[in-house]
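These are the residues of each chain, in order.
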Amino acid sequence: MKRIVVLGSLVWIIVISTLHAHLNLGMGLNSFMPGAEKGPEKFRVGFLPVTCHLTCPVTHYINESMTGEGQLEPVRFNGWPELKEAYLAGYTPATFILAPMAIKLREEGVPIKIVYLGHRDGTAMMVHKDSQIYRIEDLKGKKVAVPNRYSNQRLLVYKALQERGMSLDDITLLEMPPPDMPAALYARAVDAVTSGEPFMAQTELDGYGRILYLTKDVWPNFISCVLAVDERVIETRRDEVQRLVDGIAKSGKWLDDTMDHRMQAADFVSQHYYNQHPRLLRHVLSKPPDRVKYTNLTVRRAEFEEIEALGKADGLLKGTVDFDDYCDTSFVPDDAAVPAHDWEAPQ
Amino acid sequence: MSVAPVASDAGATTGAPELLDAPEPARRGRRRLDLVRFRRRVGLPVMVMALSIAAWDVAVRISGSDMFPRPVEVLRGVIELAERGVLFKYIIASLFRVTWGFALAVMVGVPLGLLLGWFRRLYLAFNPMIQILRPISPIAWIPLAILWFGVSDAAPVFLIFLASVFPITVSAMAAVQNIQPVYVRAARNFGLSRAQLFRRIVFPATLPQIITGIRIALGVAWLVVVAAEMIAVNSGLGYLIIDARNAGKRYDLVVAGMVMIGLIGLALDILVRRLERFDEVRWGYAR
């Protein structure tokens, strides 16, 4: 009897492990044989399924279809804490990350350098369509969800309130992963939500969300996410980092080249990376076209000093590091010179 | 293995063999008994489930919610997943992680529990530590798991291991401490060596309780699979739920994932319950 149980367990472990390796890890039996081919080490880049990080999957898709494979391996997360932890663990040597979070990590001694911006604009604040909130002043006493305390969305709220003689004490701020925001607004668990697209547009398309403001109305050329790379990796694998940043910069140019490119990207990114309905991304990338932008993404001192100052005023940042500590502008000193990818999605 | 299936049923007081040669009315009576039992064991739960599903459907219709899915939409979601080929893949991935986490927990937990139960000093030394670690939810370990293991399969396996190792250790420990001293004394009188004592008395006497612990632990291991797969693995039933949240209004897939987790959990429990039917295990219950 004992033998049956032990044998049964062993057979089960072997069968389930083989199936898992074959189905989910993409390993055929061949990859266990000696001499199996191993490509060069890939560059893992962390990202979330938001438009702020769109250039990450776009670069991967274009690389794969142009050359068969690229050096970039996108790793999708669902929330900021996990994404940050994977970076700290060294699992993702490069990652898309919230700008204030990157600065905060630098203040805490983490070797992180911002090398490029992820996007401009691309954030909205949504309220329930039946709510009585029509102006920013109406947020007084309401519950507002932001993606993370170290998000520029929070600073945006701070800035908007400050300009109207209010403060964060006038509202209740909650932290919530962006994918959970639409349902929270639908159920009216919160009064307003703000995060990167397409989760804001989703509330609009599903008919229960109304735009209170788009970033371009409150903070033109708003930056929320940046591409950051481990400083030690920049020292040891500089050429690879350069190729990575070049690829991402070219993807931004490609996205802003024509509306057709944006629609192509909406389709292949929805299908292969975000697992969302393509109409969401199509909506966000076109209505209006400047809802989110992927050009003019060079890292600039003045803009980061503004973020730093706001962060300090809000009490999020200590101000112990400055632009030169947490930014490296040498990879793309001026993105006007960057060409777009010469590529079209196969029909 | 010699225990006939009917013998495990509390209601089976009549032996099957005589009935085979029994006259026609007795056989008919037996058949009726089978039917009654079948109705009770399968009919009742199926009826409760059908009623619950109907109540669910009615509740969604009454509330008019277009977010919360109706049962038929969930079924369609399951079919869609199966057609896309991901359902089987994700089930395998989750089972893989639970298998390894749980197997490691058994391999560590059983010997550790037996040792701690047998040696009083070890127990005094380690028990407080175990009791401190035991109530910490695996979700609390997620940040550390990512720091230690990245987002590979090792991180969820580790979380499942953590969740299941403590129930197993504690049940093995308590099982040894609960052995009737008279067994041990008698064995010593017969001059059994330590190894013999362990193999012939301690292990069989503790097995039923250990199996109960294992059963509870398997339930817990399967319970934490969703939390464990919240880490950026890209497969598994837990991942399916997280991924469906990304996908906008796909709460049908969220519930489909929940239903699959429940059904597989049921299957696993039935499987482990079968272990309790073996002779060796039943011996421990003998009075």
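Sequence order as written defines the numbering, with residues in each chain counted from 1. Think of it this way: whatever chain is written first is A, whatever ligand is written first is 1, and the rest follow in order. Reporting of local features is limited, given that this is a predicted model, to residues whose pLDDT is at least 70; pairs of side-chain atoms are given and counted only at 80 or more, and all residues count toward the totals for whole chains, interfaces and linings. To get the side-chain values, all heavy atoms of the structure are used, and hydrogens and water are removed first.

1. Notes on the overall build of chain B
In this text, helices come from DSSP runs of H or I with a minimum length of four residues, and strands from runs of E with a minimum of two, each type numbered from the N-terminal end. When helices and strands are counted, chain B shows 13 helices and 0 strands. Going from the N terminus to the C terminus, chain B shows its helices and strands as α-α-α-α-α-α-α-α-α-α-α-α-α. Taken over 287 residues, chain B has a buried fraction of 42%. Contacts were defined at the residue level, with two residues in contact if any of their heavy atoms lie within 4.5 Å. Taking the contacts inside chain B whose residues are at least 6 apart along the sequence as the reference set, 73% of them involve residues at least 24 apart. When the accessible surface of chain B is totalled, it reaches about 16,100 Å², and 67% of it is carbon and sulfur. Three exposure classes are used, based on accessible area relative to the maximum for each residue type with a 1.4 Å probe and protein chains only: buried under 20%, partly exposed in between, and exposed over 50%. Here the Shrake-Rupley method, with its probe set to 1.4 Å, supplies the accessible areas, and only the displayed protein chains count as covering residues.

2. A few points about the overall build of chain A
Regarding its fold elements, chain A presents 14 helices and 12 strands. Computation of the radius of gyration draws on C-alpha atoms alone. For the globule rule, the value is 2.2 Å times the number of residues to the power 0.38. The globule rule puts the C-alpha radius of gyration for 347 residues at 20 Å, and the 22 Å found for chain A is close to it. In terms of principal-axis extent, the alpha carbons of chain A reach across some 70 × 55 × 45 Å. In chain A, buried positions account for 57% of the 347 residues.

3. Focus: the packing of aromatic side chains
Aromatic rings from Phe, Tyr and Trp, with only the six-membered ring used for Trp, were paired whenever their centres fell within 6.5 Å, and each pair was classed as stacked if the ring planes differed by under 30 degrees, edge-to-face if by over 60, and tilted otherwise. Throughout the structure, instances matching the rule amount to 18 aromatic pairs over all chains. Note on Trp148 of chain B and Phe158 of chain B: the rings are 5.8 Å apart at their centroids and 75° apart in plane angle, and the pair reads as edge-to-face. With Trp148 of chain B in helix 6 (residues 138-149) and Phe158 of chain B in helix 7 (residues 154-177), the pair connects residues that are 10 residues apart, well separated along the chain. For Trp148 of chain B, a relative accessible area of 53% puts it in the exposed group. Overall, Phe158 of chain B belongs to the buried group, its relative accessible area being 16%. Measuring from ring centre to ring centre gives 6.3 Å for Phe198 of chain B and Phe203 of chain B, while their planes differ by 35°; the resulting arrangement is tilted. Within the aromatic cluster, the residues linked to one another by ring pairs are Tyr61, Trp254, Phe268, Tyr273 and Trp343 of chain A. Charge-over-ring placement is defined geometrically: NZ (Lys) or CZ (Arg) within 6 Å of the ring centre, and within 35 degrees of the ring normal. The ring centre of Tyr91 of chain A lies 4.0 Å from the NZ or CZ of Arg44 of chain A, which sits over that ring. Positioned above the aromatic ring of Trp219 of chain A is the side chain of Lys159 of chain A, whose terminal nitrogen or guanidinium carbon lies 5.2 Å from the ring centre.

4. Some points on the interface of chain B and chain A
Size of an interface: often given as the accessible area lost when the parts come together. Every contact between the two is made by 37 residues of chain B and, on the other side, 35 residues of chain A. At the boundary of chain B with chain A, total buried surface from both sides reaches about 3,200 Å², with 64% on carbon and sulfur atoms. For salt bridges, the criterion is a side-chain nitrogen of Lys or Arg within 4 Å of an Asp or Glu carboxyl oxygen. Applying the counting rule to chain B against chain A returns 1 salt bridge. With a closest N to O distance of 2.4 Å, Arg76 of chain A and Asp243 of chain B form a salt bridge. Here a polar contact is taken to be a pair of N or O atoms separated by no more than 3.5 Å, where protein atoms must pair a possible hydrogen donor with a possible acceptor and residues adjacent in sequence count only if both atoms sit in side chains. Across the contact surface, chain B and chain A share 7 residue pairs in polar contact (both at pLDDT 80 or more). Counting only elements with at least two residues in the side of chain B that touches chain A, the list comes to helix 4 (86-118), helix 6, helix 11 (237-246) and helix 12 (251-275) of chain B. Examining the composition of the side of chain B that touches chain A, we find that 10 residues originate from one element, helix 4 of chain B, more than from any other. Take the accessible area each of two parts loses on contact, using a 1.4 Å probe, and add the two losses: that sum is the buried area.

5. Description of unusual backbone geometry
Residues and elements named next belong to chain A. Here the residue pair Glu197 and Pro198 is connected by a cis peptide bond, since its omega of 10° sits within 30 degrees of zero. By secondary structure assignment, the location of Pro198 is in the loop between strand 9 (192-196) and helix 7 (199-205). We note that Asp121 has phi near 60°; this positive angle belongs to a residue other than glycine. Tracing the backbone shows Asp121 in strand 5 (residues 120-121). You can call Asp121 buried: its relative accessible area is 1%. Its identity as a non-glycine residue notwithstanding, Arg188 has a phi of 55°, on the positive side. Tracing the backbone through its elements, the reader meets Arg188 in the loop between helix 6 (181-186) and strand 9.

6. A look at the sheet that holds strand 6 (residues 123-128) of chain A
Residues and elements named next belong to chain A. By this definition, two strands are paired if DSSP reports at least two bridges between them. If you trace the 5 strands from one edge of the open sheet to the other, you get 8-7-9-6-10, paired in mixed fashion. Every other strand in the sheet has two partners, leaving strand 8 (172-175) and strand 10 (209-214) as the edge strands with one partner each. Sheet twist, expressed as the mean angle between neighbouring strand axes with direction ignored, is 25°. Relative to strand 8, strand 7 (residues 143-146) runs parallel, the two sharing 4 bridges. Bridge assignment links Lys143 to a residue of strand 8, and that residue is Thr172. All axes here are fitted lines through C-alpha atoms, helices being fitted over the stretch that makes contact, and every angle between N-to-C directions spans 0 to 180 degrees. The strands touched by helix 5 (residues 152-162) are strand 6, strand 7, strand 8, strand 9 and strand 10; relative to strand 9, the strand with the most contacts, the crossing angle is about 130°.

7. Re the sheet that holds strand 3 (residues 94-98) of chain A
All names here are of chain A. The mixed open sheet is built from 5 strands, whose spatial order is 2-1-3-11-4. Whereas interior strands pair on both sides, the edge strands pair on one side only; in this sheet they are strand 2 (72-76) and strand 4 (112-117). Across the sheet, the mean angle separating the axes of adjacent strands is 30° when strand polarity is ignored. The pairing of strand 1 (residues 43-47) with strand 2 spans 5 bridges and is parallel. The partner of Phe43 across the bridge, within strand 2, is Leu72.

8. Regarding the confidence of the model for chain B
All names here are of chain B. Known as pLDDT, the predictor's per-residue confidence is scaled from 0 to 100. Looking at chain B, the pLDDT average stands at 82 and 86% of residues meet or exceed 70. Contacts of residues 1-19 to residues separated by more than four positions or lying in other chains number 16 contacts, the stretch itself having pLDDT below 50. Across the assembled chains, the prediction reports ipTM 0.72 with pTM 0.75.

9. Focus: the confidence of the model for chain A
Detailed reading of the predicted model is not advised wherever pLDDT is low. For chain A, the mean per-residue pLDDT works out to 86, and 95% of the residues sit at or above 70. In this model, residues 29-38 of chain A is a region of pLDDT below 50 whose contacts with residues beyond four sequence positions or in other chains number 4 contacts.

10. With respect to the nonpolar core
Judged by nonpolar contacts, the single largest core of 184 residues is most densely connected at Val58, Ile97, Tyr116, Leu139 and Phe304 of chain A together with Leu237 of chain B. No other element matches the 15 residues that helix 7 of chain B contributes to this core. Contacts of Leu139 of chain A, omitting those with residues within four sequence positions, involve Met125, Ile133, Val144, Asp170, Ile171, Ala192 and Leu212 of chain A. What is meant by a nonpolar core is a set of buried Ala, Val, Leu, Ile, Met, Phe, Trp, Tyr and Cys residues, joined one to another through side-chain atoms within 4.5 Å.

11. Here's the deal with the side chain of Asn127 of chain B
With respect to the helices and strands, Asn127 of chain B occurs in helix 5 (residues 120-133). Ignoring any residue separated from it by four or fewer positions in sequence, one finds Asn127 of chain B in contact with Leu122 and Met173 of chain B.

12. Overview of helix 5 of chain A
Buried residues dominate helix 5 of chain A, accounting for 10 of its 11 residues. Buried residues of helix 5 of chain A: Asn152, Gln153, Arg154, Leu155, Leu156, Val157, Tyr158, Lys159, Ala160 and Leu161 of chain A, and no others.

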